[in-house]
Structure formats: structure tokens, C-alpha cells
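So you can see what is in the structure, the chains are spelled out below.
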Amino acid sequence: MKRTIFSQARVAGAALLLSAHSLSAQTDAQYQKLEQDLQALRQQLGAMQERHARELEELRALLERQRVAPEQAQEGGAASLAPVTLYDAMKRSVVESLPDVAGKGAGARSLDLDLSVVLDLYFYHDDTREGAGHLRQHLAGFGHGHDDGEEGHDHGPRNGFNLRHVELGFSAAVDPYFRAWTTVAVDEDGAELEEAVLQTTSLPYGLTLSGGKMMSGIGRLNRQHSHNWDFVDQPLIYELLFGSHGLTETGVQLTWLAPTPFYLLVGAELFNGENEHSFAAAEAEGLPAHDAPRLWTGFIKAGPDLGESHALQFGASALGGRHQVAHADDEGADGDTLILGADFVYKYDDRR
């Protein structure tokens, strides 16, 4: 009887060991499957992180390009020292990622046309007999300008309402590599093309190449249109050196946005040289012929990060080229012009 019970106990113990071994094998199989699933999830998470990192880098590059895009940088307020809004950048990113529509992907993107209309209207009054604008004619260097009498143009303010012009702006993404914009000023005397620019959007290393008729990037105010000025007219030094329209030339511009923790932009330009105040070629007896391009410029702009309420930017510019002047006796003067300048601006916004 004892031997029978002992035999049954050994059989039960063997069965228990076999059951435990089977359970252990099943647990190992489940553990291995869980390890495989976990490894697969890790790989998927790594791929998602890499994809999101690339998208974030593309968005950061887009923000940096838009921050210094000339047509966006009106430079008339504190916001001009900050990047374009995230909404604008996301909007452009989404539009450029649209799939082909009937095999015409570029046509779908071409619908992203931005149109602006600016009415440059202001009211002015002074109590001088001939008007404050006439006083500048008594300043050295201002008596010969064409903006006050010749060809019927007079950009000086007059008492009452003044309509300087109506500015029409058009801009659009040409394709994933270029964008274009143009600005036309319309007044009572007709229409004038102010800017017509084609600009790259995908060059590496923070480079941007622009070509066409454009406002030069020199100084602080040259790129500002008249409706962005802080005063009715521009500073006298700009008008004396470049005329009432500033330095607007036909040529190319190359800028480099440095990968620094603060804003640093370096640019160089090569223009035809058709500014009658400082850089131009005149036809007169005895004057040598100077083919275009006759004007080069270089500039640097920097702005440290001072927080949300403060904005600081300073820069330096250099311009050089040939200039000829034809006099009434059909003779003229020919020589080189070199202009050096510096600019500085600080703004504080207590609403942030």
C-alpha cells in the first residue's frame, strides 16, 4: 500500500514537473514575442522621430528664409525684426505639398497668389507761405533734383489731402524652388514698376539669390515703401544720395543667413547703375562709355535676441561705382562714387 502511494506520488511529481516545464516554455515564447513586438515599436518610433526631425528642420529653414525675404520685411515696425508667423509658414508648406491635380501639380500651387492694395493717402498742413517742401531747395545739393519741377513730378507734401500713389503688389510661389513678386505704383501721372523680382527658396547653407528690379538691401530704410515710413517723407540723406525713390536698381542680389543663435545676414549686390543722383552713365562729349554693371553694394545686418518685448538691429553698408554728370554745355564730369553707411534701430513693445 505504501509502495503504491509512493509510486502515485512520483507520477504526480513527474506530471507537475512536466506541467511546470511546459508553462515555462510557453512563458519564454510569449516573452520572446513581446521582445520582438517591442523592438518593432522601437524601430517605428525611431522612424517617426527621424521624419518629424526632418519636417521640423524644413520648417525652421522656411521660417529663416521668410524672415529675411525682402517682400515680407517691410521694416516699418517691431514685427519686421521677427520671423514670419508660424501660420504663414505652415500655409506655404501645405500648399507646396499638394498632390498633382489632373497631372498639374505646379498649376495647383500657382493658385497661391497673394494680392495687396495699399492706398498711400495722408493729410498735411503747415503755415509757411511756399510750403515746407520748398525749404529743401535752399539746402546745398537739393536745388538740381528733378523731383520738384521737371517732368511735372512733385513729391513734396501740400496742404490738405495728398495721394502719393496706390501700390499694387503681387506675389506667388512659382514652384518649390522659386518665388516671384512685383510691385506697381499708380498715381495721377501713370503707373511705374517699382519691383519685379524672382527669388530662390531652396538653396542650401542659408543662401538666397534674387534677380530683377529691386530695392537694394543697403541701410535700414531703403527697402521700405513710402507707406511704411515713420514720417511723411524720407530722411534728407536718402533723398540727396539716391532720390525720392531710394536706390532701386536692376541686377542680382545674394544673401547669406548665418547659422548663428542671433540674427546675422550678409548680402552683396551687382546692379546696372542707373541712379541719376550717385550712380549713372551720361551721354556727353568727352565722357568715356562705361558699360553696365556699374554699381556694387555690400551690407551686413545683425540683431541679438533680447526677448519678446525688445528688438535691436544694427548694420553697415558700402556702395561703389561709376557716376557721370552731363551739364548744359554738353560737357560733363566722370568719376567714382563710394558711399559708406551705418544704421541702428531699437524698438520696445510693452504689449508682450
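Check the entry above for the structure.
Residues numbered from 1 in each chain as written. Predicted model: local features only at pLDDT ≥ 70, side-chain atom pairs only at ≥ 80, totals over all residues. Heavy atoms only, no water.

### Quick look at the packing of aromatic side chains
In step 1: Under the defined criterion, the tally for this structure stands at two aromatic pairs.
In step 2: Centroid distance Phe123 to Phe161: 5.1 Å. Interplanar angle 65°. Geometry classified as edge-to-face. Separated by 38 residues along the polypeptide, Phe123 in strand E1 (residues 113–124) and Phe161 in strand E2 (residues 160–175) bring together distant segments of the chain.
In step 3: Given the relative accessible area of 68%, Phe161 is considered exposed. (Phe/Tyr/Trp six-rings, centres within 6.5 Å; stacked < 30°, edge-to-face > 60°. Helix = DSSP H or I, 4+ residues; strand = E, 2+ residues; numbered from the N terminus. Buried < 20%, exposed > 50% of the residue type's maximum accessible area, 1.4 Å probe, protein only.)

### Things to note about the pattern of salt bridges
In step 1: In total, this model carries four salt bridges according to the counting rule given.
In step 2: Between Arg164 and Asp120 there is a salt bridge, and its shortest N-O distance comes to 3.0 Å. Taken together, the residues Arg164 in strand E2 and Asp120 in strand E1 connect sequence positions 44 residues apart. Just as Arg164 is buried, Asp120 falls in that class too.
In step 3: Asp336 serves as the salt-bridge partner of Arg322, at 2.6 Å between the closest nitrogen and oxygen. Of this pair, Arg322 sits in strand E9 (residues 310–326) while Asp336 sits in strand E10 (residues 332–348), and the two are 14 residues apart along the sequence. (Salt bridge = Lys/Arg side-chain N within 4 Å of Asp/Glu carboxyl O.)

### Regarding the environment of Phe314
In step 1: Counting through the fold element by element, Phe314 comes out in strand E9.
In step 2: Overall, the relative accessible area of 41% leaves Phe314 in the partly exposed class.
In step 3: Note: C-alpha distance between Phe314 and Pro304 (10 residues apart in sequence) is 9.5 Å.

### Comments concerning the sheet that holds E9
In step 1: Strand order in the open sheet formed by 10 strands is E1-E2-E3-E4-E5-E6-E7-E8-E9-E10, and the pairing between neighbours is antiparallel. The sheet is open, and its two borders are formed by E1 and E10, each paired with just one other strand. On average, each strand axis in the sheet is inclined to that of its neighbour by 15°, with strand direction left out of account.
In step 2: Summarising the sheet, strand E8 (residues 295–303) and E9 pair through eight bridges and their orientation is antiparallel. (Pairing = 2+ DSSP bridges. Axes fitted to C-alpha atoms, helices over the stretch in contact; angles between N-to-C directions.)

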